Amino acid sequence: MNYKRLTILCGHYGSGKTNIAVNMAFDLASQRDHVAIADLDIVNPYFRSKDSEDEFKEKGIRLICSDFASSNVDLPSMPADLYSITDDKTMSVIMDIGGDDRGAYALGRLRDAIRIENDYEMLMVVNKFRPLTPDAESTIEVMREIEAACGIPFTGIINNSNLAVETSADDVLSSVKYAEEVASLANLPLVLTTVEDHLYDDLKDKISPLFRLKLQKKPI
Amino acid sequence: MADKILMKGNEAIAAAAIKAGCLHYFGYPITPQTEIAAYMAKVMPKVGGTFLQAESEIAAINMVYGVASAGKRVMTSSSSPGVSLKGEGLSYLAGSDLPSLIVNVQRGGPGLGGIQPSQSDYFQSTRGGGHGDYHMIVLAPASVQEMAELTVKGFELADTYRMTAMILADGTMGQMMEPVSIDDLEIKPAPEKPWATTGTKMEREHNIVNSLSLVPEELEELNFKRYDRYKVIEENETMYEEYKVDDADIVIAAFGIAARVSKNAVDEARKLGIKVGLIRPITLWPFPKAPFKKAAEHAKAFISVELNMGQMIEDVQLATESKCPVTLCNRAGGMIPDPEQVLNAIKEVNGGIK
């Protein structure tokens, strides 16, 4: 994938933003120096980018994240070095935003700086198997709520349709039509479809572009 | 079969409740069950239902009392500290013989505790929660699909027996995501509720919903009648799952997430030639005594695997009539035992048998 300086991942709660953010940070770090991942989730105290802290350290990726993330202190807060995301223009950042409009409010704080610099992708992560976004219309509704909350319009769609451990190649294949409908209705490009590592070979000739999720946080 | 969707356990409870005809939800946010309220807030307005974020857990449970009195399906949800706050309301619901569904997605305690999963409200749930002589039907799901199915079952049982049913889940069950089918849930029509306070239309006597009884003879009679009903429930409504129990020398008792962990340990122990089985109570009240009593005829030892300091173990000892030793294998405070810990407990007990 070709990255802008800022790659912002938003979407419906539980759509898979964090998993993609972590994988994108690794991908980006393989292309560029000075890469950071920003965990700006103010909604969910569990399943955070910070859970992959050790892997980030290993790959030299900077983690911008509240001290309270994954600490069991259920305190929605922003990291102290939040503004380095917009101030340090030499840094490429993957931004993992909390779910729904509630999560996107946190992003609104950076709106003006992001829009003035204008070197960003604002990507909507969608999963057709989630209960409140089963079709294009309902997904667009969530999109509009997020845009209204953060004040930044989307620039593309990421199809992350999956059924967790039960995901089959057919599930992913059948989801592309849905994602294309979302993209078409929103008048935005479908930037990529994601797929778990073990399904990549099955689908690499059938879906393009296909993004391989190498690191998958396993459930307990 | 209908298409599967990917849901958190908490969302599955909310979706199943609406599917079961529950159009009234009152709650107050607390981790790790907040997704129930969040789902209700999004969906209830679209289906013509009521979502209300109450000013407190106490207010929410009293709103439940109100809707239940009017004969409608109603629920509230919380996590451990919030359920303690609901204790008074639970007792009043029992004293007034009102059906309702209460969800407790447990977190570590006591006190404010932490936000990691726990099963330490077993005593609170199975022995009451509030004051007085009463029981709740307590259902313990072990998958996201079961979160949905037992929610439907909970409403049915609550209506049938005019009492509170509780979903006793743990934080893991609430937060984990699994494929689930909501469309396939079978919904039976709710029974008539001729006792509900829906207005007399000048055609009948007033219905009275009340838990105050100042004449002790009458209050005693009410308690006797309630316990007659509990007896029927104990005889007809116990639910459990058995796994490789038939020839087992060692039988594990575990519910919810502990049962999933234990199942893996059972399989590993079987590979080593140790005959182990698992009884997973699905109803914690009424406790499934019969399969434990039967297993005690051939088993030499029991292990109770719990995310607490040992609460269900007492029911296992009672159900097996202390015919053989019952050992505790546990973690507490929000920690989860892993299959290795359970396997080690099995090996240790197995060594003791030989």
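The preceding data block contains the structure.
Everything in this summary refers to the structure shown in the same document. (Residues numbered from 1 in each chain as written. Chains lettered and ligands numbered in written order. Predicted model: local features only at pLDDT ≥ 70, side-chain atom pairs only at ≥ 80, totals over all residues. Heavy atoms only, no water.)

### A closer look at the pattern of salt bridges
Logical step 1: By the definition in use, this model includes 30 salt bridges over all chains.
Logical step 2: Residues glutamate 181 of chain A and lysine 177 of chain A are paired through a salt bridge, measuring 3.3 Å at the closest nitrogen-oxygen approach. Placement of the pair is glutamate 181 of chain A and lysine 177 of chain A together in helix α7 (residues 169-186), with a separation of four residues, close to one helical turn.
Logical step 3: Note on glutamate 181 of chain A: relative accessible area 37%, which makes it partly exposed.
Logical step 4: On the basis of relative accessibility, which here comes to 57%, the residue lysine 177 of chain A falls in the exposed class.
Logical step 5: Three or more residues are tied together by salt bridges with common partners; here these are Glu146, Glu241, Lys263 and Arg280 of chain B. (Salt bridge = Lys/Arg side-chain N within 4 Å of Asp/Glu carboxyl O. Helix = DSSP H or I, 4+ residues; strand = E, 2+ residues; numbered from the N terminus. Buried < 20%, exposed > 50% of the residue type's maximum accessible area, 1.4 Å probe, protein only.)

### Topic: the packing of aromatic side chains
Logical step 1: Considering all chains together, one arrives at eight aromatic pairs over all chains under this definition.
Logical step 2: Ring plane angle 50° and centroid distance 6.0 Å describe the contact between tyrosine 46 of chain A and phenylalanine 47 of chain A, whose orientation is recorded as tilted.
Logical step 3: Overall, phenylalanine 47 of chain A belongs to the partly exposed group, its relative accessible area being 47%.
Logical step 4: Taking 5.3 Å as the distance between ring centres and 20° as the angle between the ring planes, the aromatic pair formed by phenylalanine 287 of chain B and phenylalanine 292 of chain B counts as stacked. Of the two residues, phenylalanine 287 of chain B and phenylalanine 292 of chain B, neither departs from the other in class, the shared state being buried.
Logical step 5: The ring of phenylalanine 26 of chain A is capped by lysine 59 of chain A, whose NZ or CZ atom sits 4.7 Å from the centre of that ring.
Logical step 6: The side chain of lysine 263 of chain B reaches across the aromatic face of tyrosine 243 of chain B, ending 4.9 Å from its centre. (Phe/Tyr/Trp six-rings, centres within 6.5 Å; stacked < 30°, edge-to-face > 60°. Lys NZ or Arg CZ within 6 Å of the ring centre and 35° of its normal.)

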